[in-house]
Each structure stands twice: as structure tokens, then as C-alpha cells.
Amino acid sequence: MIVIDSTSPVPPFEQLRAQLARQIHERTLPVGARLPTIRHLAADLGLAVNTVGRAYRELEEAGLIETRGRAGSFVSSSGEEGRERARQAAADYAAVITSLGIDAGEALRIVQAALRPGTTAPTSP
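Quick summary incoming for the structure in this document. Please read all numbers here as calculations on a predicted model, not as lab measurements.

What follows concerns the overall build of the protein. Of regular secondary structure, the protein possesses five helices and two strands. The buried share of the protein, reckoned over its 125 residues, is 28%. In the protein, of all internal contacts separated by at least 6 residues, the share reaching a separation of at least 24 is 42%.

Written out as C-alpha cells, the structure is:
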């Protein structure tokens with residue numbers, strides 16, 4: 001279920017994109033699942049067609065969905081490839097952290113800071 005919070009500072013297209021991405025990653029939306037048409041989802045959520053279209057375009061650019069012309073938009077299998085890339089990047093990061101002697105707590109704080117736009121990684125106390 002998708003919920004758009006009109007009072008949120010996060011733009012509606014980003015709320016929609018994030019919720020669909022989460023459902024894909026959690027496999028609530030499995031590979032091959034057909035997504036609602038842009039017009040249908042826009043009507044259901046009370047959003048502009050362009051808003052939903054932007055969310056779908058960004059999901060497609062991320063490789064999470066694919067559009068097959070008039071057949072519609074579907075959850076892409078390349079999302080699994082992205083998950084594998086993330087696992088490999090995490091393993092590489094863990095190897096670097098270990099070689100530098102940084103403890104796990106600080107390593108996690110560094111990652112959390114990196115995931116927040118506009119923040120810098122914390123330094124050791």
C-alpha cells in the first residue's frame with residue numbers, strides 16, 4: 001500500500017519512488033510483478049500523472065522496473081543485480097574498515113552519514 005503524506009517536506013514523487021523501491025527490495029513486489037499504469041496510480045493516489053511518471057522514470061533508471069511499451073511497467077530482475085552489487089560493495093567496505101582498524105560502530109556511523117545527503121562522515125572522538 002502506498003501512502004503519500006501531503007504535509008511531508010519530501011516531494012510526492014520521491015515518497016512514491018521510495019515506497020515502491022522499498023517494496024521491490026523487500027520483495028513485496030516480486031520480480032515480474034506488473035505495476036499499475038501511471039494514470040491509474042495517479043488517480044488512486046490523487047497525484048498528477050507527471051508526478052507518478054517521474055517516480056517510474058527514476059525507478060527505471062535505477063534498474064528496479066522496466067517499461068514494455070503498451071504492456072506496462074514491471075518489476076525488473078536487474079534489481080537483484082543491484083542488490084548483489086550492494087552486497088559486494090559492503091564486503092569491500094568491510095575489508096577496508098578492517099585493514100584500517102576502525103571498529104564496527106564507527107564504520108556504521110560513517111555509512112549512515114554517507115546515506116544522509118549534505119552530511120559529512122563523523123570523525124573519531
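Let's pick the thread back up.
Enumeration over the complete set of coordinates arrives at three salt bridges. The salt bridge partner of Arg17 is Glu14, with a shortest N-O separation of 2.6 Å. In this pair, Arg17 and Glu14 are both assigned in helix α1 (residues 12-25), three residues apart and thus about one turn of the helix distant.

The next subject is the nonpolar core. Counting residues in each nonpolar core, the largest one holds 18 residues, and the members touching the most others are Leu16, Leu20, Leu29, Val52 and Tyr56. Every element with two or more residues in this core is listed here: α1, α2 (38-45) and α3 (49-61). For Val52, the contacting residues outside a window of four places in its chain are Leu16, Ile38, Leu41, Ala42 and Leu47.

The rules behind these values
Residues numbered from 1 in each chain as written. Predicted model: local features only at pLDDT ≥ 70, side-chain atom pairs only at ≥ 80, totals over all residues. Heavy atoms only, no water. Helix = DSSP H or I, 4+ residues; strand = E, 2+ residues; numbered from the N terminus. Buried < 20%, exposed > 50% of the residue type's maximum accessible area, 1.4 Å probe, protein only. Contact = heavy atoms within 4.5 Å. Salt bridge = Lys/Arg side-chain N within 4 Å of Asp/Glu carboxyl O. Core = buried A, V, L, I, M, F, W, Y, C linked by side-chain atoms within 4.5 Å.

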